[in-house]
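Letter by letter, the chains look like this.
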Amino acid sequence: MISRNILRQSCHRTQSRYFASSALMSNLFGGKKVINQTQLNAPTGKGESTTNPADMIKRNDILMFSQKPINYIETVKSNGFHLANNLLITSPDKEGNIIGTLLLESETFEINMSKPNKGFDLINGFIIDFHEDVLQIFNKIHPKPEICVIGLGCKSRMLSDSTKKYFSNLGIQVDHSDSNNAAQMFDLLATERPNVIAALLLPPNI
């Protein structure tokens, strides 16, 4: 008697589970239709997806709503930089001079790297040594930036020990890479920590 009751209870539970979990039934054309749509829908926001990489980046951009600096670098072009203040700095200029870019707080400067003396030396094809004529502006400004992002041209190169020492003596940290990555690094740091980041960028075609 006990075994029959247990069997009936188990069958009843099995049937209850079956009917409670069933959400589809056949229609007249042999397909399926939804009886309870709310049971099949994904939770709000969980079922949404995107295949656009730009949308995915925007969702993960923690600085998306931060105020960007005036000299934010909008685009790195093959021969220069397009800034948010609508300045386009290209190199070489009409006279064939190499034009570098200096970004300091909200200011933007073009640096003639060719006159009167060349502003840097390329040693052994991969070491950049900036001349003091170019670097002396960092000695004159006050307050000095905490970090200077340095772009070394079209590819990853090394920064000379003398240039590193110059910045170190001024108490300025240096972060260097190719000019494309340096521009992106400046945008990130200048947005996150405004007024304490500077950039010295060689044109991307050097």
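Nothing here was measured: the structure is a model prediction, and the numbers come from that model.

Draft legend 1. Main features of the packing of aromatic side chains. Applying the stated rule across the entire model yields three aromatic pairs. With centroids separated by 6.4 Å and ring planes inclined at 55°, the aromatic side chains of phenylalanine 120 and phenylalanine 130 adopt a geometry described as tilted. You can see phenylalanine 120 sitting in strand 8 (residues 120-123) and its partner phenylalanine 130 sitting in strand 9 (residues 127-130), a full 10 residues away along the chain. By relative accessible area, phenylalanine 120 is classed as buried at 2%. Aromatic side chains tyrosine 166 and phenylalanine 167 sit 6.4 Å apart centroid to centroid with 80° between the ring planes, which places their arrangement in the edge-to-face category.

Draft legend 2. Structural context of the layout of surface pockets. In this structure, the second largest pocket occupies an estimated 160 Å³ of space. Around the second largest pocket, the lining comprises 13 residues; the ones closest to its centre are Pro69, Ile70, Glu105, Pro194 and Asn195. Considered class by class, the residues forming the lining of the second largest pocket number seven nonpolar, four polar and two charged.

Draft legend 3. Region of the structure containing the sheet that holds strand 4 (residues 80-83). The strand order across the open sheet built from three strands is 3-4-5, with neighbouring strands paired in antiparallel fashion. The strands lining the two open edges of the sheet, one partner per strand, are strand 3 (73-77) and strand 5 (88-90). Put simply, the sheet's adjacent strands are angled 15° from each other on average, direction ignored. Inspection of the sheet shows strand 4 paired to strand 5 by three bridges, in the antiparallel sense. Bridge assignment links glycine 80 to a residue of strand 5, and that residue is threonine 90. Contacting strand 3 and strand 4, helix 6 (residues 179-192) crosses the sheet at an angle of about 180° to strand 3.

Draft legend 4. Representation of helix 5 (residues 161-169). Among the residues making up helix 5, those that are buried are Thr163, Tyr166 and Phe167. Down the axis of helix 5, the buried set is contained in an arc of 90°. They therefore lie on one face. The outward face of helix 5, more than 90 degrees from its buried face, is lined by the exposed residues Asp161, Lys165, Ser168 and Asn169. Of the surrounding secondary structure, the elements contacted by the buried residues of helix 5 are strand 9, helix 4 (132-140), strand 10 (147-151), strand 11 (158-159) and strand 12 (173-177). Glycine 171 occupies a position one or two residues after helix 5 and carries a positive phi of about 75°.

Definitions and limits used
- Residues numbered from 1 in each chain as written.
- Predicted model: local features only at pLDDT ≥ 70, side-chain atom pairs only at ≥ 80, totals over all residues.
- Heavy atoms only, no water.
- Phe/Tyr/Trp six-rings, centres within 6.5 Å; stacked < 30°, edge-to-face > 60°.
- Helix = DSSP H or I, 4+ residues; strand = E, 2+ residues; numbered from the N terminus.
- Buried < 20%, exposed > 50% of the residue type's maximum accessible area, 1.4 Å probe, protein only.
- 1 Å grid on protein atoms, 1.4 Å probe; cavity = no way out; pocket = protein on both sides within 12 Å on 5 of 7 lines; lining within 4 Å.
- Points joined across faces, edges and corners; volume = space filled by probe spheres on them.
- Nonpolar A, V, L, I, M, F, W, Y, C, P; charged D, E, K, R; others polar.
- Pairing = 2+ DSSP bridges.
- Axes fitted to C-alpha atoms, helices over the stretch in contact; angles between N-to-C directions.
- Contact = heavy atoms within 4.5 Å.
- Arc of directions from axis to C-beta.

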